[in-house]
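Below, each chain spelled out in residue letters.
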Amino acid sequence: SSDVCSSDLVYFRPPPAVFQRLVPLFEEMLAEFENPRFGSKIKLECLLMQALVEIARAQPRPQLDDTFTAEPWTLVERALQYLREHSTDRIYAEQVAAAAGVSQSQLRRLFQRTLGTSWVHYLQQYRIHRAAALLFDPARTVTETAFAVGFEDLGHFIRSEEHTSELQSPYV
């Protein structure tokens, strides 16, 4: 048998305030897992995403090169705030870049380096998660939901593999 030395293991010990926010999330995940029902998969994914955000925010922020005038995460957070506040609008790269205070090419590099994705993909995923939550309302149609979260074209909303795998709903 191979023994694992405890020094080989990496433990995350969140600060008490973070721990207090994580406990209810994990309790809710456990309850949802133990008693699955319609929408449990999406709810579990959302709860897990919330927990990961809390953990990530408790970690020291990664240091990037000094290409940008402000701290990279501050710039990304400005862009993310703009995307969330305008998620139902038609959004262009120059608008997001201006909100973050960077050029379009810097915006592209910032997102790729800090989040590992593009701002367009982030926005698409944000809209999908909002749509998934809205589709729990049986009175809402897929069309209403797609337009409510910012998709201008129902076909685009439905065609994407990412959308259909995310939205495990009898209404799709």
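It should be emphasised that the depicted structure is a prediction, and the values quoted were computed from it without experimental measurement.

1. Some points on the confidence of the model for the protein chain
- When the pLDDT values of the protein chain are averaged, the result is 78; 78% of them are 70 or greater.
- When the elements of the protein chain are averaged for pLDDT, helix 9 (residues 161-166) gives the smallest value, 48, and helix 4 (residues 93-100) the largest, 93.
- Within the model, pLDDT remains below 50 along residues 1-10, and this stretch shows one contact once partners closer than five positions in the same chain are excluded.
- Counting interchain partners and residues more than four positions distant, the pLDDT-below-50 stretch residues 64-68 has 12 contacts.

2. Considerations on helix 1 (residues 16-34)
- Its 19 residues give helix 1 an end-to-end C-alpha distance of 27 Å, which sits within 8% of 27 Å, the value for a rise of 1.5 Å per residue.
- Among all positions of helix 1, only V18, L22, L25, M29 and E32 are buried.
- Those residues of helix 1 hidden inside the fold are in contact with helix 2 (40-58).

3. Brief notes about the packing of helix 3 (residues 72-85) against helix 4
- Where helix 3 contacts helix 4, the axes come no closer than 8 Å and their chain directions differ by 130 degrees. Taken together, helix 3 and helix 4 sit at an angle that is classed as oblique. The element helix 3 and its partner helix 4 pack so that their crossing is right-handed. Residue-level contacts link L75, R78, A79, Y82 and L83 of helix 3 to Q95, V96, A99 and A100 of helix 4.
- Here the residues of the contact of helix 3 with helix 4 sort into seven nonpolar, one polar and one charged.

4. Focus: the packing of helix 3 against helix 5 (residues 104-115)
- The interhelical angle for the contact between helix 3 and helix 5, taken along N-to-C directions, is 105 degrees, at an axis separation of 10 Å. Regarding the angle of helix 3 to helix 5, the classification is roughly perpendicular. Residue-level contacts link P72, W73, L75, V76, A79, L80 and L83 of helix 3 to L107, L110, F111, T114 and L115 of helix 5.
- Grouping the amino acids of the contact of helix 3 with helix 5 by side-chain chemistry returns 11 nonpolar, one polar and no charged.

5. Digging into the pattern of salt bridges
- Across all of its chains, the model carries six salt bridges by this definition.
- Ionic pairing is found between E28 and K43, a salt bridge with its closest N-O pair at 3.1 Å. Placement of E28 in helix 1 and of K43 in helix 2 is noted, with a sequence separation of 15 residues between them.
- With relative accessibility at 30%, the residue K43 sits in the partly exposed group.
- Linking K41 and E45 is a salt bridge whose minimum nitrogen-to-oxygen distance equals 3.8 Å. Highlighted residues: K41 and E45, both in helix 2, separated by four residues, approximately one helical turn.

6. Section: the packing of aromatic side chains
- Enumeration over the complete set of coordinates arrives at two aromatic pairs.
- On the basis of an interplanar angle of 20 degrees and a centroid distance of 6.2 Å, the ring pair of Y122 and Y126 is categorised as stacked. Pair noted here: Y122 and Y126 are both in helix 6 (residues 119-134), with a separation of four residues, about one helical turn.
- You can call Y126 partly exposed: its relative accessible area is 24%.
- Between R127 and the ring centre of F151, over which it is positioned, the NZ or CZ distance is 5.8 Å.

What counts, and at which threshold
Residues numbered from 1 in each chain as written. Predicted model: local features only at pLDDT ≥ 70, side-chain atom pairs only at ≥ 80, totals over all residues. Heavy atoms only, no water. pLDDT = per-residue confidence, 0-100. Helix = DSSP H or I, 4+ residues; strand = E, 2+ residues; numbered from the N terminus. Contact = heavy atoms within 4.5 Å. Expected span 1.5 Å × (residues − 1). Buried < 20%, exposed > 50% of the residue type's maximum accessible area, 1.4 Å probe, protein only. Axes fitted to C-alpha atoms, helices over the stretch in contact; angles between N-to-C directions. Parallel < 35°, antiparallel > 145°, perpendicular 65-115°, else oblique. Left-handed = near helix turned anticlockwise from the far one by under 90°. Nonpolar A, V, L, I, M, F, W, Y, C, P; charged D, E, K, R; others polar. Salt bridge = Lys/Arg side-chain N within 4 Å of Asp/Glu carboxyl O. Phe/Tyr/Trp six-rings, centres within 6.5 Å; stacked < 30°, edge-to-face > 60°. Lys NZ or Arg CZ within 6 Å of the ring centre and 35° of its normal.

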